[in-house]
Amino acid sequence: MKKNLCLITLICACICVSCNDFFELKRPQETQWTTTSTFEQGLSSAYWNMQWGEDGRGFPHYLDFLTSGTASLMQGNTPGLDGERYFYRSFEEKLGRMSNIWKWNYNVITKCNLALDVDRDGEGNPFNLDIAGDDYQHNYLRQVAEYHFCRAYAYWRLIKVFAPPYNHGGGNDQPIIPLKETASYSKEEVENEELGSVEQVYDLIIRDLIFAKENLPDQFTKNSWNDVSGYECGRANKWVATALLGKVYFLMGWYKEAKAEFDALIEYAESTGTYQLEEPKAPFNKEKAGDIPKESIWEFNSGFLDGQFERHNNYMYCGMVMGLRFRDSNGDELVSLPGNNEGTVLSSWNAFGIAYTALKEMGWMVDPMNGDYTITPEAEADLRYQQVYHLMLPYKEGIVKGDPEYLTTESLSGHAMVNTPHVYIDKFFRGATPYGKFSKFPFIRLADIYLLRAWLRWNDGDLQGAANDMNIVWNRANPQNPDIYTSANVNHDAIYREYLREMTGEGWTVDFMMGTQMVIPAGDSELNTEVAPPYSDWYWPIPDSETTLNHKYD
């Protein structure tokens, strides 16, 4: 990595350490990491960086939505968060947000490597714990596995952003980003980081996730210092690691391996009831750490357990630019109350609806590309359309908060040029008062896994199995019209349409497209073109601060 940036990052990663000269210490965390409760410091910081750092706060959802061809840039809007660049697929940014993705994820990797070095050098028990005791069995072993999980996730974010997508046909041997399994303890080590190829980085990701899957518990056993309601929310257990490993395999085109992971997860969910499909809005309307939706396998969660959310400033920031509600919304249902901080507050920062081409594909709008914006009966009957998406009519001046039309018609000045109806994503900021700003949201949920397995079954010739998985998801959203999928009508297009209805705005659409090797659509923009596999130009350049100072790029 960039020499001085990496040194700063490494020192910041050990900010809890009390030392005069970082590089005079072989393992600086020895002065602080002496128990499982102190070992938790680095892990908590890694999760925080993953979920609420500059590459968190919903940014993976945002980047996926805007580049996937399923977003529509509304008339007269200049989106925040560099939205236009991503919408028009400008893979040129070397500064700003992409540089922050680099910095924050390598920060996570450094923290994890420091901790895993402690485990290695301490021969698996650096704190001399009773290996038969609860603290070792239920805390330490789990923490080590979580460090492996966090490192895998950080490397996956980096390789998906800064390297060509994994080529199903081979040729993934180009050195691309620094790959380290141990921390650097000197300036010389930092300055001589070896580059790993796409294949090598994916190999480490897989090894880390397999380790995590095999060493994490099904569900946490809390004791002593972590026996707090909601402690486990937002963290990895065995099934979070299993789900992510399956998704990695799916993206790589390792379909047999992906299906094995999804089979195991679904069997566990169905046999234990730990994970279940609920009504579509249920994964999105919770705000307390201890209130975990049944469908959420892995949540992005602020993790604050004391109930005093107002002291903190961590929330799904990107939701204000890609969703219906503003961060001050309170309450699950759409309610127009005159007070600014009461009921539903619509986001004037939103610049994106769902692409008309996507709505046509989903079967939810009749012919919007030719001016027919009629919502179809199929949409009106679907609980997903009813609960987690929302139609807004063109701008009309003079509507104020408290009027019924506030919830049906564009009226905010930022949308004054919007002259066609739009369907918004409405999956964010739905928690109860006074916590709407801090509503949780899922990162991996069960419906996603069923649909991915449906595609894998279809691709392998198991048409009835694919139809069965699709019907599980469909029936939840359409109880009055169940079991519409059969071995005769299930195919890639049907699964893709169901995936759009279910998962739009949740950060996985591009992965579905690349994993299935379909052509990524241009969407509504005439400036975009379709992108066919192997998607070799679909990545952002590594920041100049890295390439100019690391001679391994020469």
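Residues numbered from 1 in each chain as written. Predicted model: local features only at pLDDT ≥ 70, side-chain atom pairs only at ≥ 80, totals over all residues. Heavy atoms only, no water.

## A word on the confidence of the model for the protein
Reading predicted coordinates in detail is not appropriate for stretches of low pLDDT.
(1) Moving on: Per-residue pLDDT for the protein has a mean of 90; in total, 92% of the residues score no lower than 70.
(2) Moving on: With pLDDT under 50 throughout, residues 306-311 is counted as low confidence; its partners more than four residues away or in other chains account for 10 contacts. (pLDDT = per-residue confidence, 0-100. Contact = heavy atoms within 4.5 Å.)

## A closer look at the nonpolar core
(1) Moving on: The biggest cluster of nonpolar side chains holds 159 residues, and the ones touching the most others in it are Tyr62, Phe149, Ile159, Ile177 and Phe352.
(2) Moving on: A per-element tally of this core places helix H6 (residues 134-162) first, with 16 residues. (Core = buried A, V, L, I, M, F, W, Y, C linked by side-chain atoms within 4.5 Å. Buried < 20%, exposed > 50% of the residue type's maximum accessible area, 1.4 Å probe, protein only. Helix = DSSP H or I, 4+ residues; strand = E, 2+ residues; numbered from the N terminus.)

## Some details on the packing of helix H10 (residues 255-272) against helix H15 (residues 446-459)
(1) Moving on: Put simply, H10 and H15 touch, their axes get as near as 10 Å, and they point 135° apart. Judged on the interaxial angle alone, H15 and H10 are oblique. As for the relative orientation of H10 and H15, their crossing is left-handed in sense. Between H10 and H15, the residues in contact are Tyr255, Ala258, Lys259, Phe262, Asp263, Leu265, Ile266, Ala269 and Glu270 and Leu446, Ile449, Tyr450, Leu452, Arg453, Trp455, Leu456, Arg457 and Asn459, respectively.
(2) Moving on: Among the residues forming the contact of H10 with H15, the class breakdown is 12 nonpolar, 1 polar and 5 charged. (Axes fitted to C-alpha atoms, helices over the stretch in contact; angles between N-to-C directions. Parallel < 35°, antiparallel > 145°, perpendicular 65-115°, else oblique. Left-handed = near helix turned anticlockwise from the far one by under 90°. Nonpolar A, V, L, I, M, F, W, Y, C, P; charged D, E, K, R; others polar.)

## Remarks on the packing of aromatic side chains
Where two aromatic rings form a pair, the distance of their centres and the angle of their planes describe that pair.
(1) Moving on: Scanning the model with the defined rule gives 50 aromatic pairs in all.
(2) Moving on: On the basis of an interplanar angle of 75° and a centroid distance of 5.7 Å, the ring pair of phenylalanine 59 and tyrosine 86 is categorised as edge-to-face. Of this pair, phenylalanine 59 sits in helix H3 (residues 59-67) while tyrosine 86 sits in helix H4 (residues 83-87); the two residues are 27 residues apart in sequence, bridging distant segments of the chain.
(3) Moving on: Centroid distance phenylalanine 149 to tryptophan 298: 5.2 Å. Interplanar angle 80°. Geometry classified as edge-to-face. Of the two residues, phenylalanine 149 is situated in helix H6 and tryptophan 298 in strand E4 (residues 296-300); the sequence distance between them amounts to 149 residues. (Phe/Tyr/Trp six-rings, centres within 6.5 Å; stacked < 30°, edge-to-face > 60°.)

## A short note on the pairing of strand E10 (residues 441-445)
(1) Moving on: With respect to burial, E10 is a largely interior element, 5 of its 5 residues being buried.
(2) Moving on: Sheet topology note: the E4/E10 ladder contains 4 bridges and is antiparallel. Each residue of the ladder has a partner; that of serine 296, found in E10, is arginine 445. (Pairing = 2+ DSSP bridges.)

## Brief notes about the environment of aspartate 469
(1) Moving on: Relative to the helices and strands, aspartate 469 is located in helix H16 (residues 463-477).
(2) Moving on: Taking the relative accessible area as the measure of exposure, aspartate 469 reaches 1% and is therefore buried.
(3) Moving on: Here the alpha-carbon distance between aspartate 469 and asparagine 341, two residues 128 residues apart in the chain, equals 41 Å.
(4) Moving on: Look past the residues within four positions of aspartate 469 in its chain and what remains in contact with it is Tyr450, Arg453, Ala454 and Arg457.

## Notes on the side chain of glutamate 506
(1) Moving on: As for its placement among the helices and strands, glutamate 506 is situated in the loop between helix H17 (492-503) and helix H18 (509-516).
(2) Moving on: There is a polar contact of 2.7 Å between the side chain of glutamate 506 and the side chain of arginine 445.
(3) Moving on: The residues contacting glutamate 506, other than those within four sequence positions of it, are His61, Phe284, Lys427, Pro442 and Arg445. (Polar contact = N/O pair within 3.5 Å; in protein donor to acceptor, adjacent residues only side chain to side chain.)

## Focus on the pattern of salt bridges
(1) Moving on: As enumerated under the stated definition, the model contains 40 salt bridges in all.
(2) Moving on: A salt bridge links arginine 445 to glutamate 506; the nearest nitrogen and oxygen atoms lie 2.7 Å apart. In this pair, arginine 445 is assigned in strand E10 and glutamate 506 in the loop between H17 and H18, connecting sequence segments 61 residues apart.
(3) Moving on: Among the ionic contacts, a cluster of salt bridges with common partners joins Glu295, Asp382, Arg384, Lys427, Arg445, Arg476, Glu498, Arg501, Glu502 and Glu506. (Salt bridge = Lys/Arg side-chain N within 4 Å of Asp/Glu carboxyl O.)

## Regarding unusual backbone geometry
(1) Moving on: In this model, proline 533 is joined to proline 534 through a cis peptide bond whose omega is 15°.
(2) Moving on: Assignment of secondary structure puts proline 534 in the loop between H18 and helix H19 (544-547).

## Observations regarding H18
(1) Moving on: Burial within H18 is extensive, with 8 of its 8 residues counted as buried.
(2) Moving on: The set of residues buried in H18 consists of Thr509, Val510, Asp511, Phe512, Met513, Met514, Gly515 and Thr516.
(3) Moving on: Along its buried surface, H18 packs onto H3, H6, helix H9 (238-252), H10, H15 and H17.
(4) Moving on: Of the residues flanking the end of H18, it is glutamine 517, one or two places downstream, whose phi is positive at about 65°.

## Regarding H6
(1) Moving on: In this model H6 runs 41 Å from its N-terminal to its C-terminal C-alpha over 29 residues, within 8% of the 42 Å that 1.5 Å per residue would give.
(2) Moving on: With 24 of 29 residues buried, H6 is to be regarded as a mostly interior element. (Expected span 1.5 Å × (residues − 1).)

## Some words on the side chain of serine 525
(1) Moving on: You can see serine 525 is positioned in the loop between H18 and H19.
(2) Moving on: Using a relative accessible area of 8% as the deciding quantity, one classes serine 525 as buried.
(3) Moving on: Within polar-contact distance, the side chain of serine 525 engages the backbone nitrogen of leucine 527 at 3.0 Å.
(4) Moving on: If sequence neighbours within four positions are ignored, serine 525 has contacts with Phe87 and Tyr88.

## Here's the deal with the packing of H9 against H15
(1) Moving on: Two elements in contact, H9 and H15, have axes whose closest approach is 12 Å; the angle formed by their N-to-C orientations is 35°. Seen from above, H9 lies across H15 with left-handed handedness. The segment H9 lies against H15, with Ala243, Lys247 and Phe250 engaging Asp448, Ile449, Leu452, Trp455 and Leu456.

## Topic: the environment of phenylalanine 441
(1) Moving on: Here phenylalanine 441 shows up in strand E10.
(2) Moving on: With relative accessibility at 1%, the residue phenylalanine 441 sits in the buried group.
(3) Moving on: With 65 residues separating them along the chain, phenylalanine 441 and glutamate 506 place their C-alpha atoms 9.0 Å apart.

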